[in-house]
Amino acid sequence: MVYNTHHITHPVTIHTLKQLKHKGDKFVCIALYDAPTATIAQNQGIEVLLVGDSLGMTVQGHSSTLPVTMEHMAYHTSAVSRGNHKSLIIADMPFMSYSTTEQAMHNAGLLMQAGANIVKLEGGEWLAETIYKLSERGIPVCAHLGLTPQSVNKFGGFRVQGKEQGQADNILKDAKLLDQAGADLIVLECIPTELATTITQSVKMSTIGIGAGQMTDAQVLVINDIIGLTAKPPRFSKNFLSEAGSIAEAMTLFRDQVKAGDFPTENHTFRL
Ligand code: KIV
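Residues numbered from 1 in each chain as written. Predicted model: local features only at pLDDT ≥ 70, side-chain atom pairs only at ≥ 80, totals over all residues. Heavy atoms only, no water.

Visitor: Mind laying out the overall build of the chain, listing which residues take part and the relevant values?
Guide: Secondary structure assignment for the chain yields 11 helices and eight strands. Scaling as 2.2 N^0.38, a compact globule of 272 residues should have a C-alpha radius of gyration of about 19 Å, and the chain matches this with 17 Å. Across the 272 residues of the chain, 56% fall into the buried class. Counted over contacts in the chain with a minimum sequence separation of 6, partners at least 24 positions apart contribute 64%. Accessible surface for the chain amounts to roughly 11,400 Å². Of this, 54% is attributable to carbon and sulfur atoms. Between the centroid of the 21 positive side chains of the chain and the centroid of its 25 negative side chains there is a distance of 2 Å. (Helix = DSSP H or I, 4+ residues; strand = E, 2+ residues; numbered from the N terminus. Rg over C-alpha atoms; globule rule 2.2 N^0.38 Å. Buried < 20%, exposed > 50% of the residue type's maximum accessible area, 1.4 Å probe, protein only. Contact = heavy atoms within 4.5 Å. Areas by Shrake-Rupley, 256 points an atom, 1.4 Å probe, with all protein chains shown as cover. Lys, Arg positive; Asp, Glu negative; His and termini not counted. Charge placed at Lys NZ, Arg CZ, Asp CG, Glu CD.)

Visitor: Give me the lowdown on the pattern of salt bridges, citing residues and values where you can.
Guide: Taken as a whole, this structure holds 13 salt bridges when the rule is applied. Across the pair Lys 173 and Glu 125 runs a salt bridge, and its minimum N-O distance is 3.8 Å. You can see Lys 173 sitting in helix 8 (residues 165-181) and its partner Glu 125 sitting in the loop between strand 4 (118-120) and helix 6 (128-136), a full 48 residues away along the chain. Judged by relative accessible area, Glu 125 falls into the partly exposed class, the value being 47%. Lys 204 is paired through a salt bridge with Asp 179; the nearest N and O atoms lie 3.9 Å apart. With Lys 204 in the loop between helix 9 (193-202) and strand 7 (206-210) and Asp 179 in helix 8, this residue pair connects regions lying 25 residues apart in the sequence. Residue Lys 204 is classed as exposed on the basis of its relative accessible area, which comes to 64%. Here the salt bridges do not stand alone but share partners, grouping Glu 194, Glu 266 and Arg 271 into one network. (Salt bridge = Lys/Arg side-chain N within 4 Å of Asp/Glu carboxyl O.)

Visitor: Tell me about the UniProt feature "binding site: Mg(2+)" (unreviewed entry) in the chain, and please be specific about residues and values.
Guide: The feature "binding site: Mg(2+)" (unreviewed entry), as annotated in UniProt, sits at Asp 53, Asp 92 and Glu 122 in this numbering. What stands out for the annotated residues spanning 70 residues is how close their C-alpha atoms remain, the widest pair being 10.9 Å apart. Of the annotated positions named here, the largest pocket is lined by Asp 53, Asp 92 and Glu 122. With respect to the secondary-structure elements, Asp 53 resides in the loop between strand 2 (48-51) and helix 3 (55-58). Take Asp 53: its relative accessible area is 3%, and that puts it in the buried class. Setting aside anything within four residues of it in sequence, one finds Asp 53 in contact with Thr 65, Val 68, Met 73, Asp 92, Met 93, Pro 94, Glu 122 and Gln 150. Relative to the helices and strands, Glu 122 resides in the loop between strand 4 and helix 6. Taking relative accessible area as the criterion, Glu 122 reaches 6% and is therefore assigned buried. (UniProt positions renumbered as here; feature names shortened; annotations may be inferred. 1 Å grid on protein atoms, 1.4 Å probe; cavity = no way out; pocket = protein on both sides within 12 Å on 5 of 7 lines; lining within 4 Å.)

Visitor: Describe the packing of aromatic side chains, with residues and values.
Guide: Evaluated as defined, the whole model comprises four aromatic pairs. Measuring from ring centre to ring centre gives 6.0 Å for Tyr 98 and Trp 126, while their planes differ by 10°; the resulting arrangement is stacked. Taken together, the residues span a long stretch of sequence, with Tyr 98 in the loop between strand 3 (88-92) and helix 5 (101-114) and Trp 126 in the loop between strand 4 and helix 6 at a distance of 28 residues. Classification of Tyr 98 as buried rests on a relative accessible area of 4%. Aromatic side chains Phe 240 and Phe 254 sit 5.4 Å apart centroid to centroid with 50° between the ring planes, which places their arrangement in the tilted category. You can see Phe 240 sitting in the loop between helix 10 (223-226) and helix 11 (247-259) and its partner Phe 254 sitting in helix 11, a full 14 residues away along the chain. (Phe/Tyr/Trp six-rings, centres within 6.5 Å; stacked < 30°, edge-to-face > 60°.)

Visitor: Before we move on, can you summarise the UniProt feature "active site" (unreviewed entry) in the chain with the specific residues and values?
Guide: Within this numbering scheme, the UniProt entry marks Glu 189 as carrying the feature "active site" (unreviewed entry). For Glu 189, the position within the fold is in strand 6 (residues 185-189). Of the residues examined, Glu 189 reaches a relative accessible area of 12% and is grouped as buried. Residue contacts for Glu 189: discarding those within four places in its chain leaves His 144, Leu 145, Gly 146, Leu 147, Pro 149 and Ile 210.

Visitor: Can you tell me about the pairing of strand 6, naming the residues and giving the values?
Guide: With five of five residues buried, strand 6 is to be regarded as a mostly interior element. Both faces of strand 6 are covered, namely the face carrying Leu 185, Val 187 and Glu 189 and the face carrying Ile 186 and Leu 188. Pairing of strand 5 (residues 141-146) with strand 6, which is carried by five bridges, proceeds in the parallel orientation. Each residue of the ladder has a partner; that of Leu 145, found in strand 6, is Leu 188. The parallel pair strand 6 and strand 7, bridged by helix 9, forms a crossover whose chirality is right-handed. (Pairing = 2+ DSSP bridges. Right-handed = clockwise from strand over helix to strand, strands pointing away.)

Visitor: Tell me about the site of the ligand, and name the residues and values.
Guide: Around the ligand sit Ala 31, Leu 50, Gly 52, Asp 53, Ser 54, Asp 92, Lys 120, His 144, Val 187, Ile 210 and Val 222, and those are all the residues in its vicinity. Contact with the protein chains removes 95% of the 260 Å² of surface that the ligand exposes when unbound. For the shell around the ligand, the class distribution of residues is five nonpolar, three polar and three charged. (Near = heavy atom within 4 Å. Nonpolar A, V, L, I, M, F, W, Y, C, P; charged D, E, K, R; others polar.)

Here it is in structure tokens:
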């Protein structure tokens, strides 16, 4: 065990997450962007902190993640890293910062130097070679499939993905390919529970769900949704602060409900 009731006793590593998957124990991730929330999260036993490019919407006020730059991501990654000593940090690679393998290697290196332990990239089969090369050079990778927000213009809006059989087959095929290419983790966003369950059972890497049902190895939510800062919260999220007395308690509730299998409920999920 790396944690007791609330505290992480040893720094969380990729190895810790693999052990949790092996034992069938769930872990928890929060997307957050600054030092103070990172400190609270690590103190409440949140195993993984995601410096998400969602900051383009949640912090900068844009309507998508596309305006986020490498400079923004490095700035927020270093802030989170200064507030955290125990949780594992994933940093998002922003829009068009990994279009070629060479560009991805360079930019991933900058995020690792800013304090990330893992980099996250959105996309399927076309990323297999990049993931293989990053992994080979010692950079762990978190893949991201389903509703990949950097492709919002291709999707024609923030829509659930994988509801049709052909689309679901492609997502499953891509997940298996990226697993074989060396990805250590994968975010599955807004896909039917059935598809997320099949992927989780078919890959070695740990799956982190958001709007992907209860069967993934982990759950992630954005801090703004957890503490009720979002004007129109997405259906898959939950304001935990409305049931808690402080931000720390809200994070603990999220953590405990995920580990007990009480979050997400059917109301937070999508079905085929
Ligand atoms: O950018 C982000 O915060 C994310 C999560 C919503 C998974 O990618």
